[in-house]
Structures are given as structure tokens and as C-alpha cells.
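For reference, the chains in residue letters:
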Amino acid sequence: MSSEVANQDDRIPSSEPDGDAGPDPAWHAHEADAVVALLSSDAARGLDGTDAARRLERDGPNQLHQDAATPWWQLLLRQFTSPLIGILLVALVITIAIDELVDAAVIAAVLVLNAVIGFTQERKADRSVHALMELAAPKATVVRDGRERDVPATELVRGDVVALSSGVRVPADLKLLRATTLEVDESLLTGESLAARKDPTPDAETALPADRRSMCFLGTSVSSGRARGIVVATGTDTQLGRIAEEIRGQQRPDTPLQQRMHRFANLIALVVLASSALAFVLGIAMGGEVSEMFLTAVALAVAVVPEGLPVAFTVAMALGVHRMARRGAIIRSLPAVETLGSTDAIGSDKTGTLTANQMTVRRLWTAAGPAHVTRASDPPGDIDEAAARLTAGEDQLAETLRTGVLSNEAALVFDDGEVVDHRGDPTESALLEVAHHLGVEVTTVRDEAVVLADVPFESDLGFAAIVVDEDGPVQRVKGAPERIVERCTHVGTADGPVAIDPDEILTAAASMARDGLRVLAMAQRRLPADVGVDPNDPPAVEGLTCTGLIGMQDPPRAGVRDAIARVQEAGIRVLMITGDHAETARAIADDLGIGVGRPRALTGQDLQIMDDAALRAAIHEVDVFARVTPEHKLRVVHALQAHDQVVAVTGDGVNDGPALKAADIGVAMGRSGTDVAREASDMVLTDDAFVSIVSAVEEGRVVFDNVRKVTFFLLSTGVASIVAILAAMVAGLPLPYVPAALLWLNVVTNGLQDVALAFEPGEPDVLDHPPRARSEGIVSRQLWERTVLTGLTMAAGSMWLFTWAIGTGLDADQQRGAALTTLVVAMAAHVYNARSERRSILATGIAGNRFLLAATCTALVIHLAASAWGPTRFVLQIAPVTPAGWWRISLVALAVVGVSEAHKAWG
């Protein structure tokens, strides 16, 4: 995202401003009354219905632009854009032009089969993603004609006065008119896990969106409190809308597999032209007829092009899509299925992706020292120190928890004694959950408490207080450590209250903050029994005894630490890119094993002063990027790609959208993610679990390995066919195969096996190797060598049978039948060579892929039947092999296996 878009103020569009708005005022920097006047509205009565309708007609509905679903006919046409398919289309035109209609029909069948498979899979993925995006349209409580009413959020206009309350989603960009203890979860927009406290006080004109406390933005959620605000921007003019438009402007790069496919197709096209031209010129020079030599050139083109490859590619990717869907990942387009397997770096959002987006207490502190609180996601062997100390009867720890329970407006939802949900502010919910976790009867404690007075949290106070009747009035207070400590005279100890040492408590709080924890201090004071407590005039908060500190954080998701370790073992680097604060991000990164030791972090401010060259130089040394804007995330992605790395980006918020779109593969969250993030992504995690990425990486590598195996298998046929045809021409012999026979070999007999080869389950060490370089081709150097060796062996064997048949006086159909059947049987043996690039056929065996075994047997049976059935014999111009030929064919098949095994052992 450009800095102009990322940092621009909330402004009225320059066309037709309301009232006396003037040229683009910065709403966050104005007093609330001034904003109301500029928008020609009324803070008490809102807009009248007629005016609202006029503005709606002028400005359009309050919604983001969403690209329409790809039409079915475009999806269908897309199946014919592959370079390999282009070669087949040319071959189809040529065969029709020379009246070889049988060959043309077979090529057409290949094209149709490929198109049907690809079209079906892309339609399925497209429907899955759109089903995830069908979220209920949010409503808005708006003041119209002096009355509150609920309307669809799409009908909001600038100048509308909107009421907010706890739990609702903000329906547009608002300037606050008034607010009571308002906190808003802006994580989808800013990436910051903690709710932002809001009030109408104007912000500095230069404040970035994440620091605008007087504004509420479209799509964010109210965590607690209530407020009224005036709509200052709708639809694409909102902060969310601007990011969405920036996403639309990003170009999605070709996947590594698409790039490899283009290079491979270009190579095949070059070989097709060269071999066909060579055969045509050589044949003419040797006195052949032009029409006959043209047919020979077509036969060579058919031999070179692996016609079954597009179908096998599609099947391999479709199987990967299916397997990924079962493991919680929906792929939006087939080529993306392999990309994670090629990924060098994963740039992950923190909030909601690596972490649970739910505050959890991790540490307690009293004068007796710190106490850690363990969770189910912690490594085995961790000791719940807090539970042990409570069991031992530490009163100060118990009092600290009790204050957190009573000075609290949140609520837990129980089912059969277990917490299943929470309502209210995430921080206050965390206090209730830790008390329940450590054995406090939360419901009982709150039911038995008689509240005499309370002081709600206000940002200028920095604390909340409550007076409860506990055999006399007790004042309990929670808040920022520095605000609480300054009101304390004592600290609680096992021997009773002692004079407070403020530095000791603040040092403990600072230590917890450095570990990425949000810290609250708890304190209390027992009031004289005869003091009357006036609810309208609560007692002053002073003379307190500090009982302890509570440190909490948005914890890592279960299994994320192990998932990160696994992808790192696979040679993939993980970076954290978040809008949260640097210390919090570094602490979480350290906990998850990102980077070495305490990871180095750069902030958005650091990136502001770094040019692209400096960022590219630093990118290998920095593992955490904190407090960043969408523009910064985009720059990080481009810096990694500048080093020729394949980059994946994960995220759930709108702020992740531009990076998701620009990455080689964008991975969005399906449950908590925004529509914009999902629309920008290539893959959607339906379970929102980072751990699903490990499965996706594994599946992506399996897909590529299977594509490579299929390609190697089919290329061997091409090499054998080319060498045999050219050898026959040089020797002055007739062609050993007609074009239809080569299509039969590539599409029917080999076609069954190459599709079955796409079902290979993957080798056991698939995650033990580093990612493939982007420049690496579909076929490795080692496999090219093996392709030539096995192809030459099969060509020699086929020509051996062909010349043997000629020498024994067999007719032309029997000669071609012997040559073609030799290739069919040799490839049936060779397909088991292709099951592993490195492991011996003795290690892989023949039973590990039941589909392949069935396909191999079926291919042999079909070919034998075709050799005996009149119509197919006529099309292929072949006849059955005589008994004397079969033992020779068996020797050729064994030779092919032997050559491959020798090359594996030698390589």
C-alpha cells in the first residue's frame, strides 16, 4: 500500500461535501461539535429520513467493492491457456487439416478430459470460498428523526449518528461524540491484540489510524462500554475500504509451479519444432514424399508432447486440493496447491494466527515472588506454581484473584462446569478464567458479594474500584501498576501488611511487561465498619494495600510452537509481521521459537526511515516486524521476493490484505478472517490453525513430487519414441508407430498409469529437505539423465523387436505391434522406477499404491485387447505379438528396471 493511502486522514470526498465541510477536514483532529456542524447533522436527533435517503442515493451503499464470482465460461476457457495445451491444440488443427480424423479425435478427447477435471475443481474451490464469505450482514443502531432504530449497515450515510454497545461491530468510520468506558478490538485493522480505549478527545492531526482514539473504524468490534458517534466515511472511503481497494490493485504473481510449467512447455515446444523439422528435412533429403514426411513430422510431434501430462497434472493438484480440504485448508485455484511446498519463508500475522486472540493470565506476582500459570498448550513438565501456592494457603495470591473477580464486569459461560465462552472485555474475562482455573468458585464469590459502590474504569484515572460488603465494607481496586502503587501505603505479605517499596513492585511490573505481558495491579482497603458508603459518592481511592500483580497476554495457539519447529526443520523460515507492539511481539516470537534467542525486531518507525535497499539487506537478520502498517507488510514481502524467495503470508485482518495478495501464496483465516483477507488469499484455513500449514506444506511437496514423477515417466516415452522414429528413418526402415499409436500409448496405456502415479502418498522424508529453488525445473538434472538412459534403453528394445519382426517376415501390422507392445510393457515396468527419485524399486515395492497396481494391470489388459480387436487394430495399425516375441519384450522390461536401479545407485 502506498504511504499516501496508508496514512491519509479520514476525509470527506472532495465531491459534493455536506454542509460547510470545506476541503477535506481531518475528522480525528476536530472537536465532536465541529464535526457535527461540518456534516450538517444533529448530535441529538441525527439526520431526518429524507436527508439520509438523498445522501444514500448520492454516495451509494455503505459496502466494500467485491469482485463478482468468475463466470463459468471464463473458468472453462482458463483450462485451455496452458502452454502444453496450446501445443495439443496446434496438433489438433494439423491432424484435422491432413484429414487424420482418428488422431484428431484422440487429441480432442485429451483436451476435453483435461478441461472437465480442471473446471470441476476450480468451481468447487470457488464455491467453498464464497460459502465462507456469506456472513450475516451487520445491523446498525442509528438515530433518525430523533429516534433510535435498527437499519442494515449498508444504508448508513455520512452524518448519521450511530449508537455503539458492547459486542457490536462498528458499521462505518465514526467520530465519537461521547463514550463511556469504551474499548474497541481493532485487531483486524491494526493487528494489535489489546482492545483500544476510546474517547471523543481530538487526536493529533498527524496520528496514524492505529493511534486515533477519537475514531472507531468500520469492521472493528466493541469489547466493552457504550458510545455514540457520527459517521464520517462509508464503504470504500473508510480505512478498511481503502485497504480493500489497495488489495484490488495488487497483481497476484504466478506460482512457482506455473513458472516451471511455462519453462517446461517452452522446452517441449523447442524440442517439438527441432525434432519435427529434423525429421522432415532428413526425410526429404533421403527421397521421401512431402506428404509422407509431413505425417512423420506430426508423428514426432505427437511422440514428443506428453499428452497425458496436463490430465495427470490436473489430477495430482486436484488430489492435493482434496487432501488439503480434509485437513482444514481450502485452495482457491489449482496451481496454488503446490506453492507452499516450494515456500522459503512464511510471514505470519500474530493476532488470531499465531495467537488465540484471547487474553490469558500467564503470571501472578506477590511479595512472595512470581507465580507462573500453566495452560494445556504449555510444554509437558511445566509446574503450575500459582495453584501450588494457593493450595499452600497464600492469602495475598487469593486476595489478588478475588479482587480480579469482584472488580469485573465480564461474565463466563459454563456448560457442565466447564468454561465454554465469555462475554465482555477480554482482559476482564481473563481475570475470571484464571480464577476459575485455579479453583476459585467465581459464580459463588460474585453471588455472595453485595456491591455498595463502584467506580468504572476511565482512561484518565487508570483504574477501576468497587466497594463490597465482606463482613464490613472492603474497597477493591485494579488498574495500571503506576496508578495503583501511588495510592498504596502498604504491600501485603505472609506476615501482614508492611510499608510499601514502590520500586520493588514497579520493577516486577516492568519485568513482566518486557516479557510481553499486559500488567494489572490489585489492591484493597478495609473501611471502618461504621462508615456509610454512598453509591453516588464512593470513598476516595487511597491508603491501599497492594496484594499483587497479574500479567496476561494473548497466548500462542495450541500446537503452533511444534508447527513452527516442523516447518523450520523443512528449511522454511518463519517471520512475525504484526501491528502489535515490539516487546509483545518479540516475547511471543521467542516463546514460539521464531528466530534464534531473543529475536531481532524492526518497527514501523524503523521501516519508515529505511529505503528498500536497506530493508533488503536487513531482511535476513530480522525475524519480527512490529507496529507495522499494510504498506510496511507489503515492503517486507517484496524484500523477501527480491532475494528470489517464494513467500507465503498468513493473516486474518484487513491490514493483512495487500500482503496476502502480493505474496506467492496468501493464507487467510476462514473463521475469524475478514472477507477482504479471504478474497485476497490463495488458501483459506477453515480451522484458523497455523498448524494446518504444516499439513499444507507436506501436501504441496507431495503434489510437486508426484508431478515430477509423472513428468519423468512420460518423458521417457517421448525419448524412446523420438529415438526409435529417427533411427528407423536413418536406417531406411518404415515408421515403427503411426501417430494414433503414439497417442494411444501416451493417453490410454501410459495415461492410466500416470494418473495413478499422481495418487502416490508421498515419501517419508518429504519434509526433511530444504525448499526447491525457484529456478529449479520440474525435472531435476538427475532425472533428465535417467530419462535419457531409460528412454534410450526402451528405444533400443523397441527397435530390436521391430527389426526382429521385419527379419522374420512378419507383416507390417505385426512389426508395428511388436514395437509398440515393447514400449507398453517396458513402461509398465518403468512406472515403478518412477515411484521414487532416490529409493530403489526394492524399497518402494509394487503394493504401496493400489491404484497404480490396478492401473498397470488394466493398461496391459487393454493393450492386449486392442491388439486383438479389429476396430482398434485398424486405428493403431498393429497386430498381436507372436509367442517368440514375448520373451524378448520381457528382457527389455528387465533392462529398463536395471538401468534405472544402476543410475539410482550411482547417483
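Residues numbered from 1 in each chain as written. Predicted model: local features only at pLDDT ≥ 70, side-chain atom pairs only at ≥ 80, totals over all residues. Heavy atoms only, no water.

The next subject is the overall build of the chain. Across its full length, the chain carries 33 helices and 26 strands. Going through the 907 residues of the chain one by one, you find that 56% of them count as buried. Excluding contacts between residues fewer than 6 apart, the proportion of contacts in the chain whose partners are at least 24 apart in sequence is 72%. (Helix = DSSP H or I, 4+ residues; strand = E, 2+ residues; numbered from the N terminus. Buried < 20%, exposed > 50% of the residue type's maximum accessible area, 1.4 Å probe, protein only. Contact = heavy atoms within 4.5 Å.)

Scanning the model with the defined rule gives 39 salt bridges in all. The partner of Glu470 in a salt bridge is Arg476, and the shortest N-O contact between them spans 2.8 Å. Residue Glu470 shares its accessibility class with Arg476, and that shared class is buried. Salt-bridge contacts for Asp765 lead to Arg838; the nearest nitrogen and oxygen are separated by 3.9 Å. Separated by 73 residues along the polypeptide, Asp765 in the loop between helix H27 (739-757) and helix H28 (781-807) and Arg838 in the loop between helix H29 (812-833) and helix H30 (841-844) bring together distant segments of the chain. (Salt bridge = Lys/Arg side-chain N within 4 Å of Asp/Glu carboxyl O.)

So, about the sheet that holds strand E9 (residues 345-348). Across the sheet, which stays open at both edges, the 8 strands sit in the order E8-E26-E25-E24-E9-E21-E23-E22 with mixed pairing between neighbours. The open sheet has two free edges, formed respectively by strand E8 (329-331) and strand E22 (601-603), since each of these has just one partner strand. On average, adjacent strands in this sheet sit at an angle of 20° to one another, irrespective of strand direction. Where E22 lies against strand E23 (residues 624-626), 3 bridges are found, and the strand directions are parallel. When the bridges of E23 are listed, Thr603 appears paired with Ala626. (Pairing = 2+ DSSP bridges. Axes fitted to C-alpha atoms, helices over the stretch in contact; angles between N-to-C directions.)

A few words now on the layout of surface pockets. The calculated volume of the second largest pocket comes to roughly 710 Å³. The wall of the second largest pocket is formed by 38 residues, among which Thr181, Glu409, Glu428, Pro456 and Phe457 lie closest to the centre. Listing elements by their share of the lining of the second largest pocket, those giving two or more residues are strand E4 (173-185), strand E5 (196-198), strand E7 (221-233), helix H15 (426-437), strand E14 (450-458), strand E15 (463-469), strand E16 (473-479) and strand E19 (518-526). Here the lining of the second largest pocket is built from residues that sort into 13 nonpolar, 11 polar and 14 charged. (1 Å grid on protein atoms, 1.4 Å probe; cavity = no way out; pocket = protein on both sides within 12 Å on 5 of 7 lines; lining within 4 Å. Points joined across faces, edges and corners; volume = space filled by probe spheres on them. Nonpolar A, V, L, I, M, F, W, Y, C, P; charged D, E, K, R; others polar.)

This brings us to H28. With 27 residues, H28 extends 39 Å from end C-alpha to end C-alpha; this agrees with the ideal 39 Å at 1.5 Å per step. Phi turns positive, to about 85°, at Gly809, one or two residues after H28. (Expected span 1.5 Å × (residues − 1).)

Here we come to the packing of H28 against helix H33 (residues 883-906). Where H28 contacts H33, the axes come no closer than 10 Å and their chain directions differ by 165°. With respect to their mutual orientation, H28 and H33 come out roughly antiparallel. In this structure, H28 meets H33 at a crossing whose hand is right-handed. Residues of the contact of H28 with H33, tallied by class, amount to 13 nonpolar, 7 polar and 4 charged. (Parallel < 35°, antiparallel > 145°, perpendicular 65-115°, else oblique. Left-handed = near helix turned anticlockwise from the far one by under 90°.)

Overall, the predicted model of the chain reaches an average pLDDT of 84, with 90% of residues at or above 70. Below a pLDDT of 50 lies the segment residues 19-24, which in the model reaches 11 contacts outside its immediate sequence neighbourhood of four places, other chains included. Of the regions scoring below 50 in pLDDT, residues 125-137 engages in 22 contacts with residues more than four places distant in sequence or in other chains. (pLDDT = per-residue confidence, 0-100.)

Turning our attention to the nonpolar core. The nonpolar side chains of a soluble globular protein tend to be buried, and buried together. Grouped together as the largest cluster of nonpolar side chains are 120 residues, with contacts concentrated most on Met683 and Tyr737. The biggest single contributor to this core is helix H26 (residues 691-730), with 20 residues. Sequence-distant contacts of Met683, defined by excluding residues within four places in its chain, comprise Met324, Ala329, Ile330, Ile331, Leu340, Ile665, Gly666, Val667, Ala668 and Ala696. Judged by nonpolar contacts, the second largest core, of 46 residues, contains Leu607, Phe625, Val637 and Val654. (Core = buried A, V, L, I, M, F, W, Y, C linked by side-chain atoms within 4.5 Å.)

Most of E19 sits inside the fold, with 7 of its 9 residues counted as buried. Relative to E19, E16 runs antiparallel, the two being bridged by 6 bridges. Directly across from Gln475, in E19, lies its bridge partner Arg525.

Right, let's get into unusual backbone geometry. In this model, Thr181 sits at a positive phi of 45°, which is unusual for a non-glycine residue. Take Thr181: it is sitting in strand E4.

Under the counting rule described, the total for this entry stands at 2 aromatic pairs. Pairing Trp800 with Trp887 gives two aromatic rings, centres 6.5 Å apart and planes at 85°, and the pair type is edge-to-face. Of this pair, Trp800 sits in helix H28 while Trp887 sits in helix H33; the two residues are 87 residues apart in sequence, bridging distant segments of the chain. Residue classification places Trp800 among the partly exposed positions, given a relative accessible area of 36%. Relative accessible area serves as the criterion here: at 48%, Trp887 is assigned to the partly exposed category. (Phe/Tyr/Trp six-rings, centres within 6.5 Å; stacked < 30°, edge-to-face > 60°.)

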